[in-house]
Amino acid sequence: MAAICSGGKERAFLVLKALGEAVGMSVDVEEIKSGLPLHFKDETEKSRAFEQYRILADSRNKTLEVRVQSNNFWTTVNGAAISALAYMRDAASLSSEHKSFVLWTLILFGLCVCLSWISYLSTIARQLEAKNKLLIELEKHFPIPLFRNVFSSVQDRPEKPTLTMKEMAIPLLFISGYLFFAIMLFFFRAEAALSVAD
């Protein structure tokens, strides 16, 4: 940074390019030149800007960690509900009226949990997109846009959602499981009523 301020811009650009290549990242010198960092008033202002950047990057990483941990929670709760449905469906210890009530309650509970999970994932996605945009905006004031380079190499389009289709498909699979049990319960209940009538 001092080399840029002291007039050795070309040499500083070459050093930045070499540093980028040393860590396996291609650095476009012309891109860096076109997006030169703002000149900060003093070192305090520069350190504050970098500290904000660091806090935002840490916050983004914690959001990613929470997303992974919460997916484990949602999967466990739904797995337990599906297992309870499968067990209760064949349990002979309950009368048919009680069994029907318990099964429908578990199905409704599971559907509500899945809808909450989808809502939670969309909230996390919005948070991540906002943090990504802020990080990219802050990087415009620094010599090397590391986050933007990494982000663009991972994703084809910057506007592409941060959640994968696989993540959104998991709650949908659980919903289809609950709907399957609901259909089975409805049709088998109708068959049982028909056999009693005969």
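Note that the structure is predicted; figures quoted are calculated from it, not measured.

## Digging into the overall build of the protein chain
Secondary structure assignment for the protein chain yields 7 helices and 0 strands. Each helix and strand of the protein chain, ordered N terminal to C terminal, gives the series α-α-α-α-α-α-α. Among the 198 residues that make up the protein chain, the fraction classed as buried is 32%. Pairs at least 24 residues apart make up 75% of the contacts formed inside the protein chain by residues separated by at least 6 positions. Of the roughly 13,000 Å² of accessible surface on the protein chain, 66% is carried by carbon and sulfur atoms.

## A short note on the pattern of salt bridges
Tallied over the entire structure, the rule returns 3 salt bridges. With a shortest N-O distance of 2.3 Å, arginine 54 and glutamate 51 are connected by a salt bridge. Separated by 3 residues within a single helix, arginine 54 and glutamate 51 lie in helix 4 (residues 43-90), roughly one turn from each other. Between glutamate 167 and arginine 67 there is a salt bridge, and its shortest N-O distance comes to 3.3 Å. Note that glutamate 167 is positioned in helix 7 (residues 165-197) and arginine 67 in helix 4, a separation of 100 residues in sequence. Like arginine 67, glutamate 167 is buried.

## Digging into the side chain of threonine 63
By the secondary structure assignment, threonine 63 is in helix 4. A relative accessible area of 8% places threonine 63 in the buried class. Within polar-contact distance, the side chain of threonine 63 engages the side chain of lysine 131 at 2.7 Å. Those residues in contact with threonine 63, other than ones at most four positions away along the chain, are Ile124, Gln127, Leu128 and Lys131.

## Digging into the nonpolar core
Ranked by internal contacts, the top residues of the largest apolar core, which has 18 residues, are Leu85, Ile107 and Tyr178. Those elements that place two or more of their residues in this core are helix 4, helix 5 (96-139) and helix 7. Residue contributions to this core peak at 8 residues, all from helix 5. The contacts of isoleucine 107, once residues within four sequence positions are left out, are Leu85, Tyr178, Phe181, Ala182 and Leu185. Among the nonpolar cores identified, the runner-up in size contains 7 residues, and Tyr53, Leu56, Leu138 and Phe147 belong to it.

## Considerations on the confidence of the model for the protein chain
Per-residue confidence for the protein chain gives a mean pLDDT of 75; residues scoring 70 or more make up 68%. Taken as a whole, residues 1-8 scores under 50 in pLDDT and shows 9 contacts with residues more than four places along the chain or in a different chain. Contacts from residues 190-198, a stretch scored under 50 in pLDDT, to residues over four places away or in other chains number 0 contacts.

## Section: the packing of helix 4 against helix 5
Interhelical geometry of helix 4 versus helix 5 gives an angle of 165° and a closest axis separation of 10 Å. In terms of orientation, helix 4 and helix 5 fall into the roughly antiparallel class. Crossing handedness for the pair helix 4 and helix 5: left-handed.

## Considerations on the environment of serine 116
If you trace the backbone, serine 116 turns up in helix 5. Linking serine 116 and tryptophan 74, residues 42 residues apart in sequence, is a C-alpha distance of 9.3 Å.

## Topic: the packing of aromatic side chains
Tallied over the entire structure, the rule returns 6 aromatic pairs. Between tryptophan 74 and tyrosine 120 the ring centres are 6.1 Å apart and the planes differ by 50°, which places this aromatic pair in the tilted class. Here tryptophan 74, found in helix 4, pairs with tyrosine 120, found in helix 5; they are 46 residues apart in sequence, far enough to count as distant. Under the relative-accessibility criterion, tryptophan 74 is labelled buried at 15%. Judged by its relative accessible area of 25%, tyrosine 120 is partly exposed. Residues phenylalanine 186 and phenylalanine 187 carry aromatic rings whose centres are separated by 5.5 Å and whose planes lie at 75° to one another, so their mutual orientation is edge-to-face. Through pairs of rings, three or more aromatic residues link up here, namely Phe73, Trp74, Trp117, Tyr120 and Phe174.

Thresholds applied
- Residues numbered from 1 in each chain as written.
- Predicted model: local features only at pLDDT ≥ 70, side-chain atom pairs only at ≥ 80, totals over all residues.
- Heavy atoms only, no water.
- Helix = DSSP H or I, 4+ residues; strand = E, 2+ residues; numbered from the N terminus.
- Buried < 20%, exposed > 50% of the residue type's maximum accessible area, 1.4 Å probe, protein only.
- Contact = heavy atoms within 4.5 Å.
- Areas by Shrake-Rupley, 256 points an atom, 1.4 Å probe, with all protein chains shown as cover.
- Salt bridge = Lys/Arg side-chain N within 4 Å of Asp/Glu carboxyl O.
- Polar contact = N/O pair within 3.5 Å; in protein donor to acceptor, adjacent residues only side chain to side chain.
- Core = buried A, V, L, I, M, F, W, Y, C linked by side-chain atoms within 4.5 Å.
- pLDDT = per-residue confidence, 0-100.
- Axes fitted to C-alpha atoms, helices over the stretch in contact; angles between N-to-C directions.
- Parallel < 35°, antiparallel > 145°, perpendicular 65-115°, else oblique.
- Left-handed = near helix turned anticlockwise from the far one by under 90°.
- Phe/Tyr/Trp six-rings, centres within 6.5 Å; stacked < 30°, edge-to-face > 60°.

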